[in-house]
Amino acid sequence: MNPLEAEPIVTARLDLVPLGIGHAEEMTEVLADPALHAFIGGVPESAEALRARYERLARGCPEPGVSWLNWVVRLRDEDCLTGTVQATVTASGHGRVAEIAWVVGTAWQGRGIATEAARGLVGWLDRQSVRTVTAHIHPEHRASEAVAAAAGLTLTGMWQDGERGWLRPADPQAVDARANSASPQGG
């Protein structure tokens, strides 16, 4: 399979723009709140450090068959960056698999931006024939769990590095059918 390249994605309110080195300065401000890093780890980076990281990402994954896809999220009405979405796409015996993630700056949280961006990303991945979409989320990060669910992923019993696995399999209708036929827990 040919590697994928990030392309612009347009949603109702957002432009997902392929990440460029020139985005580092504005993204430094978006990601500056130390509280933002409580679940994702690390600390806010300087513009220089972020620029160096974006340069590495722009070179792409050195591993054959793996695509690193990164976008900045621009809120169109306010003409500002609000966060990022990313997908690491690999080839498997059953087609392409994507691991996705999102980050929205503290000032823009609670406005549905992460949900809209994640849905836009998953839709784009569908159009690229990505069969399976996964995410790993800290078990106490309820907001990101809500984003994953809204993007069509369901919680699995899998764990990776202390984070719970979420999955949108090749046939999302099968997940919907299982959810609709499941009996409620408890009484």
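The structure this text deals with has already been given above.
As the structure is a computational prediction, the values presented were derived from the model and not from experiment.

How each quantity is defined
Residues numbered from 1 in each chain as written. Predicted model: local features only at pLDDT ≥ 70, side-chain atom pairs only at ≥ 80, totals over all residues. Heavy atoms only, no water. Core = buried A, V, L, I, M, F, W, Y, C linked by side-chain atoms within 4.5 Å. Buried < 20%, exposed > 50% of the residue type's maximum accessible area, 1.4 Å probe, protein only. Contact = heavy atoms within 4.5 Å. Helix = DSSP H or I, 4+ residues; strand = E, 2+ residues; numbered from the N terminus. Expected span 1.5 Å × (residues − 1). Pairing = 2+ DSSP bridges. Salt bridge = Lys/Arg side-chain N within 4 Å of Asp/Glu carboxyl O.

Student: Can you break down the nonpolar core residue by residue, with the values?
Tutor: Formed by 45 residues in total, the largest nonpolar core has its most connected members in I100, W102 and L125. Residues within four places of W102 in sequence aside, it is in contact with T84, V85, A114, A118, A135, I137, S144, V147 and A148.

Student: Describe helix α4 (residues 113-127), naming the residues involved and giving the relevant values.
Tutor: The end-to-end C-alpha separation of α4 is 21 Å, in line with the 21 Å expected for 15 residues at 1.5 Å each. Burial analysis of α4 places 12 of its 15 residues in the buried class, the great majority of the element. Among the residues of α4, those classed as buried are I113, A114, T115, E116, A117, A118, G120, L121, V122, G123, W124 and L125. Following α4 by one or two positions, S129 has its phi on the positive side, about 65°.

Student: If you had to explain helix α3 (residues 47-59) to someone new, which residues and values would you point to?
Tutor: An ideal rise of 1.5 Å per residue puts 18 Å on 13 residues; α3 measures up with 18 Å between its terminal C-alpha atoms. Next to the buried residues of α3 lie α1 (24-30) and β4 (80-92). Taken from the residues just after α3, G60 is the one with a positive phi, measuring 85°.

Student: So what's going on with the environment of M158? Which residues, and what values?
Tutor: Its location among the elements puts M158 in strand β7 (residues 154-160). If sequence neighbours within four positions are ignored, M158 has contacts with E163, R164 and G165.

Student: Talk me through the sheet that holds β4; I want residue IDs and the actual numbers.
Tutor: Within the open sheet, the eight strands sit side by side as β1-β2-β3-β4-β5-β6-β8-β7. Their pairing is mixed. Looking at strand neighbours, the two that pair on one side only are β1 (9-10) and β7, the edges of this open sheet. Pairing analysis gives 10 bridges linking strand β3 (residues 66-75) to β4, with the strands arranged antiparallel. For R74, the partnering residue across the bridge sits in β4 and is L81.

Student: Before we move on, can you summarise the pattern of salt bridges with the specific residues and values?
Tutor: Going through the model one piece at a time under the given rule, you end up with nine salt bridges. Between E145 and R142 there is a salt bridge, and its shortest N-O distance comes to 3.2 Å. With E145 and R142 both in helix α5 (residues 142-150), this residue pair falls three residues apart, about one helical turn. Its relative accessible area of 9% is what places E145 among the buried residues. The closest approach of N and O atoms between R164 and E145, which form a salt bridge, is 2.4 Å. Note that R164 is positioned in strand β8 (residues 163-168) and E145 in helix α5, a separation of 19 residues in sequence. Considered together, R164 and E145 belong to a single accessibility category, that of buried residues.

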